[in-house]
Amino acid sequence: MQKGTIGVTTENIFPVIKKFLYSDHEIFLRELVSNAVDATQKLRTLASFGEFKGELGALDVRVDIDAAAGTLTVRDRGVGMTADDIDRYINQIAFSGAEEFLAKYKDSANAIIGHFGLGFYSAFMVAKKVEIHSLSYKEGAEAVRWTCDGSPEYTMEKGDRTERGTDIILYIDDESKEFLEQVRIDTLLKKYCRFLPVPVISGKEQEWKDGKMTDTDRDLVINATEPQWMKKPADLKDEDYLNFYRELYPGQDDPLFWIHLNVDYPFTLTGILYFPKIKNNFDINKNRIQLYCNQVFVTDSVEGVVPEFMMLLQGVIDSPDIPLNVSRSYLQSDSAVKKISGYITKKVSGRLEELFKADRAEFEKKWDDIRLFIVYGMLTDEKFCDAALKFMLLRDTENRYFTAEEYKKLVEAEQTDADGNIIYLYTTDPVAQYSYIKAANDKGYNVLLLDGQLDNHFVGLLEQKFEKTRLVRVDSGVIDQLIRKADRKEADLTPLQRNILTGIFSSQLPTVEKTNFLVSFEAMAPGDAPIVITQEEFMRRMKEMAAMNPGMNFYGELPDSYNLVVNTEHPLIVALRDKAGKELDSEVNPLADSIDSDNAAISEIRKAAGDKAPDAEGEQKIKELEKAVGETRERQNKIVADYAAGQPVVKQLIDLALLGNGLLRGEALNEFIKRSVSLLA
Ligand code: ADP
Ligand code: MG
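This is a predicted model, so every value here is computed, not measured.

Analysis parameters
Residues numbered from 1 in each chain as written. Chains lettered and ligands numbered in written order. Predicted model: local features only at pLDDT ≥ 70, side-chain atom pairs only at ≥ 80, totals over all residues. Heavy atoms only, no water. pLDDT = per-residue confidence, 0-100. Contact = heavy atoms within 4.5 Å. Near = heavy atom within 4 Å. Polar contact = N/O pair within 3.5 Å; in protein donor to acceptor, adjacent residues only side chain to side chain. Areas by Shrake-Rupley, 256 points an atom, 1.4 Å probe, with all protein chains shown as cover. Helix = DSSP H or I, 4+ residues; strand = E, 2+ residues; numbered from the N terminus. Nonpolar A, V, L, I, M, F, W, Y, C, P; charged D, E, K, R; others polar. Buried < 20%, exposed > 50% of the residue type's maximum accessible area, 1.4 Å probe, protein only. Arc of directions from axis to C-beta. Salt bridge = Lys/Arg side-chain N within 4 Å of Asp/Glu carboxyl O. Pairing = 2+ DSSP bridges. Axes fitted to C-alpha atoms, helices over the stretch in contact; angles between N-to-C directions. Patch = residues over 30% accessible without salt bridge, like charges linked within 9 Å, V, L, I, M, F, W, Y side chains within 5 Å. Lys, Arg positive; Asp, Glu negative; His and termini not counted. Charge placed at Lys NZ, Arg CZ, Asp CG, Glu CD. Parallel < 35°, antiparallel > 145°, perpendicular 65-115°, else oblique. Left-handed = near helix turned anticlockwise from the far one by under 90°. Phe/Tyr/Trp six-rings, centres within 6.5 Å; stacked < 30°, edge-to-face > 60°. Lys NZ or Arg CZ within 6 Å of the ring centre and 35° of its normal. Core = buried A, V, L, I, M, F, W, Y, C linked by side-chain atoms within 4.5 Å.

Our next topic: the confidence of the model for the protein. Across the protein, pLDDT averages 87, with 90% of residues at or above 70. Below pLDDT 50 for its whole length, residues 93-98 participates in nine contacts with residues either more than four positions away or in separate chains. Note that pLDDT drops below 50 for residues 107-116; the model gives that stretch 36 contacts with residues more than four away or on any other chain.

Structure follows, in C-alpha cells:
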C-alpha cells in the first residue's frame, strides 16, 4: 500500500475549497460527470486509432445513489487509471497550480466559484471521504483503489475492480445530504449534463401505475447526446430549430428567427441564437443564453462573452475557447473573448441584413418585435450600429417603413430648412400630439413614430449618424419654426404692440406647478391655430434623459418650460391687437414714452462718464431713474392686466391651447368650462 501527501504545500487545501465554493457546491457533479465523459471519449478516440483493440461495450456513464450507505457513485467505462496515472493526475498535477491560484484570487471568491479548474477535488465540497476504484484499459493493468478522507493524506493500494473504467465513490457529508436524493440529482444532471455527448444514466424511467408514479426497470437517460447546435445547419429544418427552442425554454412564444453559429478558426464556437419576441419587457434574467463548453453546461450569465445587447437573445453558445476559470473582468479584456464577441455581433448583423434583403415584407412584419433589440445594439455597439444602418427601419405615423436612405429621399426636398439642414419630424405619442402631426402633414411634411423606450437616446444617435440632419419632436415648435424656410414671414408688430400683447397674454396665464410659460409671436397662416403651445426640443430631451439617469439631476429639477406662441396673423389676434391698441394706447403711450426717456437719460449719464464709472452724483441719479422706470412699468403692466382680465377671449384662447396639450387641469379646467358655458349664453 502507498501512503502519501497530496502534492500541495498549503497546510490543508480542503477547508479552502469548501469555503470558496460554498455557494456553488453542486458543481461537483458537473466536474465528476464530465471527467467520466472525458475518459469515455478518450477510449473511443483510442479505439478509432486502433490503439485500443478490446471490446468497447456499453459506454454509458452512471450516477447511482445508495442512500443507505450514504454514497453517490459516478461510474464510467472509459480509459480508467493505473496507479501511475493517479499519482500523476490526481496526487500531483491536480493541485500543482492551485496554491498560486488561490493566493492570487483569495479576495475574490467569484473568480473561483462556478468555474472549471478544481475538477476532481470539488468532490470534497460535499464528501467527507472519496474513493477511486479504477482499472485502466492498458493491457495487463492492475486495478487500483485510492482513498482520501479530506485531509491531504491519501492511501493507494491494489484494488479488486475487474471491469475497465472508473468508479468515483463519494461518502456524502452530513451537511450535503440533499445530494442523496434522486430528485435533486436529476435536477442537477438536467442542468449541467443535458447535452453531454455520452449517455448519462441516473435512476429509472417512471410511469403512472396504481395511482402514482412508479419506477420502471428501464434506465433513465438524462441527456440528448447530439444536441442540435452540434449538427450541420444543412441537416436541420425550421421545425428542428423550433423544437430545440421549445425544449430549452418551455412555455414561451416561438422565436422570430435564429442564427446557427459555426466557426472553427481562429477559435472554435458553435451554437444557436434565437430572437425571442421582446416587446417592452427587459426581463433578461429569465431564459438567458446558455454557455456550454464541449456540451457541458457552464453558466447562463454570459456577460462579457457576448455584447451587452445580445443578452436579449436566447439560445446556446458552446466554445472550449472561452477561459472559464477566470474572473468576469478578465473575460472582458481577454482577446479571444473579444474576437468571439465581435464574431457573434457580425453574424447577428449579417443575418439580419440577409433577412431584410430576402423578404422585405416579412422583415417589416417582424420589425416592431426586434426593434428594441436593434436600437439597444445600435446605442451600445458602434460596429453593430454601422452595420444596422443598412437594414434599420424607420416607421412613420401612417405605418409605412423606410430604410434610412429611403427616408432621406422621401423628405429631403420638402423638409430642408434655410440653412440646408434636413429636419426629421417625429412624434412620441400620436394621440397626444395629434394637432401638431396634422399641422405638419398639412404642410406636406412626414412625421416619424419614435415611441420606444430607448428612443430619446436613439434620436441623438441618429443625429450623429445622419449628416446635416436634425430630429425635432413635432410639438417642439410651430411648424414654420421647426423647418425655417428663407421666405418665412416675421411677426409684424410695433414694439408697443408687442409689449401690450405680451402683457395681455402673460397676465392671464394660469399658474401650473413647476411649469414656466414664455410668450412669443409668430406669423403663421391666418387659418392656423391662434395660439400654439410648444416645448423646446433640447430642454425636453435633457429632462427626459434626467428621468432615466439619476446623474443628471440638475435638469430633472428644472421646471418644464413651454412657449406660448401667438399667431399674429390669426383674425382673432389681429382684432385683439387693434382693439387693445384703440383702448389702451392713449393711456399706455405716455407711460411708454416716460420709460423711454428715463432709459435715455440713464444712457446719457453712462456715456458722459466715458470709460470710468459715473461719479456719486451720477450713480444716485441712475438709481432714481431706474426706480422710476420700474414703477412706470408696473403701472403699465397693471393697466394691461386689468384690461386683459375684462377680455374673456384671451383666457379662452389660452385655455384652449393648454387643453390641447393636456396642461389644463383642476381649478383652471373648471373655470374654463364655466366660462365656456357663460359665453354660449
Ligand atoms: P481536468 O479534468 O481539468 O484535467 P480534473 O481534476 O477534473 O482536471 O481531473 C484530473 C485528471 O484526472 C484528468 O485530467 C484525468 O486524467 C484524470 N481523471 C479524472 N477522472 C477520471 C476518470 N473518471 N477516468 C479517467 N481519468 C480521470
Ligand atoms: Mg475535469
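Close contacts around ligand 1 come from N35, A39, K42, D76, M81, Y89, I90, G119, F120 and T166, and that covers them all. The separation between an oxygen atom of ligand 1 and a polar main-chain atom of F120 is 2.9 Å. T166 is positioned such that a nitrogen or oxygen atom in its side chain is 3.5 Å from a nitrogen atom of ligand 1. Expressed as a share of its isolated accessible area of 530 Å², the protein-covered part of ligand 1 is 74%. Of all elements in the fold, only α2 (27-48) and α3 (83-92) reach the threshold of two or more residues within the shell around ligand 1. No other element matches α2, which puts three residues into the shell around ligand 1. A class-by-class count of the residues in the shell around ligand 1 yields five nonpolar, three polar and two charged.

Mapped onto the fold, R540 is located in helix α16 (residues 537-548). Overall, R540 belongs to the buried group, its relative accessible area being 4%. Residue contacts for R540: discarding those within four places in its chain leaves Y426, R473, D475, S476 and Q535.

For helix α11 (residues 404-411), the set of buried residues is A404, Y407 and V411. An end-on view of α11 places all buried positions within 65° of arc, on one side of the element. Summarising the geometry of α11, the exposed residues directed more than 90 degrees from the buried face are E405 and K409. Where the residues of α11 are buried, they touch β15 (393-395), β16 (401-403), β17 (422-427) and β18 (447-449).

With the rule as written, the count across this model stands at 52 salt bridges. We note a salt bridge from R246 to D254, for which the minimum N-O separation is 2.8 Å. Exposure remark for R246: the relative accessible area of 32% places this residue in the partly exposed category. Ionic pairing is found between E522 and R488, a salt bridge with its closest N-O pair at 2.0 Å. Linking E522 in strand β20 (residues 515-522) with R488 in the loop between α14 (479-482) and α15 (495-508), this pair joins segments that are 34 residues apart in sequence.

Okay, the sheet that holds strand β13 (residues 296-299) next. Read from one edge of the open sheet, five strands run β10-β11-β14-β12-β13, paired in mixed fashion. With partners counted over all chains shown, the strands left at the sheet margins are β10 (257-263) and β13, one partner each. For this sheet, the mean inter-axis angle between neighbouring strands, taken without regard to orientation, is 20°. With three bridges connecting them, strand β12 (residues 290-293) and strand β14 (residues 314-318) associate as parallel partners. Considered in β14, the bridge of L291 is made with I317. Those strands touched by helix α8 (residues 335-358) are β10, β11 (269-275) and β14, and its axis lies near 135° from that of β10.

Moving on to a negative patch on the surface. Where like charges cluster on the molecular surface, the negative patch consists of D615, E617, E619 and E626. Assessed through its relative accessible area of 52%, D615 is described here as exposed.

For the pair α15 and helix α20 (residues 648-660), interaxial distance at closest approach is 9 Å and the crossing angle is 65°. Relative to α20, the element α15 lies roughly perpendicular. For the pair α15 and α20, the sense of crossing is right-handed. Here I504, F505 and Q508 of α15 lie close against α20, whose contacting residues are V650, K651 and I654. Among the residues making up the contact of α15 with α20, the classes are represented as four nonpolar, one polar and one charged.

Bringing the sheet that holds strand β21 (residues 531-535) into the picture now. Pairing in this open sheet of three strands is mixed, and the strands run β20-β22-β21 from one edge to the other. Two strands bound the open sheet, and with one partner strand each, they are β20 and β21. Neighbour-to-neighbour, the strand axes of the sheet open up by a mean angle of 25°, direction not taken into account. Bridge analysis of β21 against strand β22 (residues 560-567) gives five bridges, and the strand direction is antiparallel. Counted as the bridge partner of I531 is V566 from β22. On top of the sheet, α15 reaches β20, β21 and β22; it is set at about 145° to β20, its chief contact. Packed onto the sheet, α20 meets β20 and β21 and runs at close to 45° relative to β21.

Turning our attention to the packing of aromatic side chains. What the rule picks out here adds up to 30 aromatic pairs. Ring centres of F267 and Y343 lie 5.7 Å apart, and the angle between their planes is 80°; this geometry places the pair in the edge-to-face category. Note that F267 is positioned in the loop between β10 and β11 and Y343 in helix α8, a separation of 76 residues in sequence. For the pair formed by F267 and Y343, the shared burial category is buried. Members of the aromatic cluster, connected to one another through ring pairs, are Y192, F195, W229, F244, Y292 and F297. One cation-aromatic arrangement involves R88 over Y89; the distance from NZ or CZ to the ring centre is 5.9 Å. Across from the ring centre of Y171, 4.6 Å away, lies the NZ or CZ of K129, which sits over that ring.

To continue, consider the nonpolar core. Counting 62 residues, the largest nonpolar core has F275, I344, V348, L352, F373 and I374 as the members making the most contacts within it. When residues of this core are assigned to their parent elements, the largest contribution, nine residues, is made by helix α9 (residues 360-380). Excluding its chain neighbours within four sequence positions, the residues that come into contact with I374 are L352, W367, F384, A388 and F391. In terms of nonpolar packing, the next biggest core, distinct from the first, is built from 58 residues, M81, F120, L170 and L189 among them.

The element β21 is largely enclosed, with a buried count of five among its five residues. Both faces of β21 are covered, namely the face carrying I531, I533 and Q535 and the face carrying V532 and T534.

Structurally, E671 can be placed in helix α21 (residues 666-680). Its relative accessible area of 39% is what places E671 among the partly exposed residues. In this structure, the C-alpha to C-alpha distance between E671 and Q497, residues 174 residues apart in sequence, is 28 Å.

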